[in-house]
Amino acid sequence: MKTILITGGAGFIGSHTVRLFVTKYPEYKIVNLDKLTYAGNLENLKDIENKPNYIFEQGDIADLKFITNLFKKYNFDSVIHLAAESHVDRSITDPLVFIRTNITGTATLLHVAKESWKESNKKNLFYHVSTDEVFGSLELGGDFFYEDTPYDPKSPYSSSKASSDHLVRAWNHTYNMPVVISNCSNNYGPYQFPEKLIPLFINNILKKKPLPVYGEGINVRDWLFVEDHAKAIDVIFHKGKIGETYNIGGHNEWTNIDLIKLLCKQVDEKIRNPEGTSEKLITYVTDRSGHDLRYAIDATKIKDELGWIPSLQFDEGLRKTIDWYLENISWLDNVTSGTYQDYYKKQYKQD
Ligand code: NAD
Ligand code: TDX
């Protein structure tokens with residue numbers, strides 16, 4: 001039985017990845033390591049928490065002693081590393097926690113994995129999940145991010161992710177660590193914390209609160225349904241070439257304002273609001289400091305080499321996402337009120 005460490009599995013993308021691996025591969029033992037910060041929520045994994053091949057461990061990836069003991073306890077074959085501080089706005093107000101988790105945390109995992117795998121005769125893999133923001137910002141209507149686009153991160157978040165990518169490559173180059181990296185575009189879907197654009201706006205529409213559009217709303221993002229990202233991680237984990245990088249994206253570019261108008265329309269239809277109701281909530285606010293203009297991924301390599309393509313069209317994915325939030329209002333209320341942390345504090349130690 002292969003034992004795989006998945007970090008950040010109580011977060012948004014991590015929980016979809018854990019669910020996919022636990023259900024699709026009963027022959028793997030999946031250990032989900034998560035610190036349970038504000039973004040980590042074990043409610044995201046309620047449906048699989050009692051599966052025999054699933055184990056949860058609470059801890060901090062930047063805690064060397066804890067990580068060393070964890071590797072001794074489980075003797076991991078591979079690591080899929082998703083744990084991170086992930087919200088750009090938070091990185092602007094509180095950058096140092098991003099440096100600690102995203103840089104020191106990744107270095108700590110690499111260091112301990114290298115020591116643990118020194119004498120290993122098994123096929124190990126350190127898979128690092130990263131973001132397209134490391135490439136910087138594109139012109140409107142211009143070119144795409146390719147795997148060999150030079151790094152040019154602009155925010156404390158993207159700089160910390162870029163640093164972590166460099167560390168992973170350094171461990172590969174210097175110590176021959178078997179690694180693979182993927183850089184994905186903006187994800188959306190169930191269980192996304194309502195600080196990110198789509199769930200925040202769904203929540204605000206439902207609560208009839210203003211929809212804060214940064215600047216003029218002309219920034220462009222390339223959106224991918226989260227389950228498609230988890231499937232790409234599965235494909236790369238099993239078929240990706242050691243030392244390689246794969247871009248993952250939806251070829252699905254939207255200006256923020258067009259996306260927000262579509263979202264308003266779809267939610268209004270769903271909850272039978274008169275046409276145009278939610279658009280009235282749109283409020284233009286001061287732009288994000290250093291706001292990247294456009295992200296857009298060229299995902300040809302993963303398609304040609306590994307056969308992955310997104311399975312969902314955006315219209316369908318967005319409707320599925322809205323349906324999920326409407327059916328899970330209590331999840332939304334729990335995370336916006338912080339109740340989920342009170343609940344799990346009873347079972348697991350919190351900071
Ligand atoms: P998230 O914020 O929803 O989840 C992050 C998880 O990591 C949480 O469960 C949190 O508790 C945990 N965590 C944070 N600090 C930790 C620490 N020090 N030790 C252990 N666990 C810790 O993030 P997400 O949106 O699911 O993103 C997951 C990964 O994917 C990140 O590495 C992110 O950079 C990357 N990514 C995200 C997107 C996106 O659109 N959300 C796109 C591309 C790549
Ligand atoms: O209230 C808002 N108003 C607004 O106009 C928020 C929260 C966002 N925005 C804009 C900023 C961006 O142009 O919407 C766009 C999307 O914003 P976010 O959801 O914060 O995502 P982004 O900054 O693009 O970063 C995301 O994609 C890459 C994820 O948060 C990262 O974790 C991922 O790596």
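Q: Is there a simple way to explain the site of ligand 2 in this structure?
A: Taken together, 21 residues are adjacent to ligand 2, and Glu133, Tyr157, Arg221, Arg288 and His291 come closest. The separation between an oxygen atom of ligand 2 and a polar side-chain atom of Asn256 is 2.9 Å. In the environment of ligand 2, an oxygen atom lies 2.6 Å from a nitrogen or oxygen atom belonging to the side chain of Arg288. Within the complex, the protein chains bury 94% of what would otherwise be the 650 Å² of accessible surface of ligand 2. Of all the secondary-structure elements, those providing two or more residues to the shell around ligand 2 are helix 6 (197–206) and strand 8 (211–214). Considering only residue class, the shell around ligand 2 consists of nine nonpolar, seven polar and five charged.

Q: Help me understand the site of ligand 1, please; the structure alone is not making it clear to me.
A: Neighbouring ligand 1 are 29 residues; Ile13, Asp34, Ser86, Tyr157 and Lys161 lie closest to it. At a separation of 3.0 Å, an oxygen atom of ligand 1 approaches a polar backbone atom of Thr37. When ligand 1 is considered free in solution it has 840 Å² of accessible area, and contact with the protein chains removes 96% of it. Mapped by element, the contributors of at least two residues to the shell around ligand 1 are helix 1 (12–24), strand 5 (125–131), helix 5 (156–175) and strand 7 (186–188). Here the shell around ligand 1 takes three residues from strand 5, the largest share from any one element. Grouping the constituent residues of the shell around ligand 1 by class yields twelve nonpolar, twelve polar and five charged.

Q: Where do I start with the nonpolar core in this structure?
A: Nonpolar side chains in soluble globular proteins generally cluster together in the buried interior. Judged by nonpolar contacts, the single largest core of 76 residues is most densely connected at Phe21, Ile80, Tyr127, Ile248 and Ile302. Of the residues forming this core, the biggest block, seven residues, is contributed by helix 8 (residues 256–270). In contact with Ile80, other than residues within four places in its own chain, are Ile4, Leu5, Ile6, Thr7, Phe21, Tyr127, Val129, Ile233 and Phe237. Residues Leu5, Val79, Ala83 and Met177 belong to the second largest nonpolar core, which totals 22 residues.

Q: Where do I start with the environment of Asn176 in this structure?
A: With respect to the helices, strands and loops of the structure, Asn176 is situated in the loop between helix 5 and strand 6 (179–184). Between the C-alpha atom of Asn176 and that of Pro156, which follows or precedes it by 20 residues, the distance is 29 Å.

Q: I tried to follow the packing of aromatic side chains on my own but got confused; where do I start?
A: Any pair of aromatic rings gets described here by the distance separating the centres and the angle formed by the planes. This structure, assessed with the given rule, holds 20 aromatic pairs. Taking the centre distance of 5.4 Å and the plane angle of 85° together, the rings of Phe135 and Tyr151 count as edge-to-face. In this pair, Phe135 sits in the loop between strand 5 and helix 5 while Tyr151 sits in the loop between strand 5 and helix 5, placing the two residues 16 residues apart along the sequence. Since its relative accessible area comes to 4%, Phe135 is described here as buried. Taking the centre distance of 4.9 Å and the plane angle of 90° together, the rings of Trp324 and Tyr325 count as edge-to-face. Judged by relative accessible area, which is 12%, Trp324 ranks as buried. Residue Tyr325 is classed as buried on the basis of its relative accessible area of 0%. In textbook terms, an aromatic cluster arises when at least three aromatic residues are bridged by ring pairs, as seen for Tyr188, Trp223, Phe225, Trp254 and Phe314. Taking NZ or CZ as reference, Arg90 lies 3.4 Å from the ring centre of Tyr38, over its face.

Q: I would appreciate a short explanation of helix 4 (residues 95–117) in the present structure.
A: An α-helical turn contains 3.6 residues, so a residue and the one three or four places further along point in the same direction. In this model, helix 4 (23 residues) spans 32 Å end to end at C-alpha, consistent with the 33 Å of a helix rising 1.5 Å per residue. Maximum bend of helix 4: about 25°, positioned at Thr104.

Q: Got a minute to help me understand the sheet that holds strand 10 (residues 245–248) in this structure?
A: Note on sheets: strands pair through backbone hydrogen bonds, and any given pair is parallel or antiparallel. Ordered by their spatial adjacency, seven strands build an open sheet running 3-2-1-4-5-6-10, and the pairing between neighbours is parallel. Strands at the two margins of the open sheet, each flanked by one partner only, are strand 3 (54–58) and strand 10. With strand direction ignored, the average angle separating the axes of adjacent strands in the sheet is 20°. Here strand 1 (residues 2–7) pairs with strand 4 (residues 78–81) via four bridges, running parallel. Residue Thr7 lies in a different strand from strand 4, and its bridge partner there is His81. Helix-sheet contacts for helix 2 (residues 64–74) involve strand 1, strand 2 (28–34), strand 3 and strand 4, and the interaxial angle to strand 3 is about 160°.

Q: How should I be thinking about the packing of helix 1 against helix 7 (residues 226–239) in this particular structure?
A: How two helices pack is summed up by the angle between their axes together with the distance between the axes. Following both chains from N to C, one finds helix 1 and helix 7 inclined at 55°, their axes separated by 9 Å at the closest point. One way to sum up the angle between helix 1 and helix 7 is to call them oblique. For the pair helix 1 and helix 7, the sense of crossing is right-handed. Along the contact surface, helix 1 presents Phe12, Ile13, His16, Thr17, Leu20, Phe21 and Lys24, while helix 7 presents Val226, Glu227, His229, Ala230, Lys231, Ile233, Asp234, Phe237 and His238.

Rules used in this analysis
Residues numbered from 1 in each chain as written. Chains lettered and ligands numbered in written order. Predicted model: local features only at pLDDT ≥ 70, side-chain atom pairs only at ≥ 80, totals over all residues. Heavy atoms only, no water. Near = heavy atom within 4 Å. Polar contact = N/O pair within 3.5 Å; in protein donor to acceptor, adjacent residues only side chain to side chain. Areas by Shrake-Rupley, 256 points an atom, 1.4 Å probe, with all protein chains shown as cover. Helix = DSSP H or I, 4+ residues; strand = E, 2+ residues; numbered from the N terminus. Nonpolar A, V, L, I, M, F, W, Y, C, P; charged D, E, K, R; others polar. Core = buried A, V, L, I, M, F, W, Y, C linked by side-chain atoms within 4.5 Å. Buried < 20%, exposed > 50% of the residue type's maximum accessible area, 1.4 Å probe, protein only. Contact = heavy atoms within 4.5 Å. Phe/Tyr/Trp six-rings, centres within 6.5 Å; stacked < 30°, edge-to-face > 60°. Lys NZ or Arg CZ within 6 Å of the ring centre and 35° of its normal. Expected span 1.5 Å × (residues − 1). Bend = angle between axes of the 7 residues up to and from the residue. Pairing = 2+ DSSP bridges. Axes fitted to C-alpha atoms, helices over the stretch in contact; angles between N-to-C directions. Parallel < 35°, antiparallel > 145°, perpendicular 65-115°, else oblique. Left-handed = near helix turned anticlockwise from the far one by under 90°.

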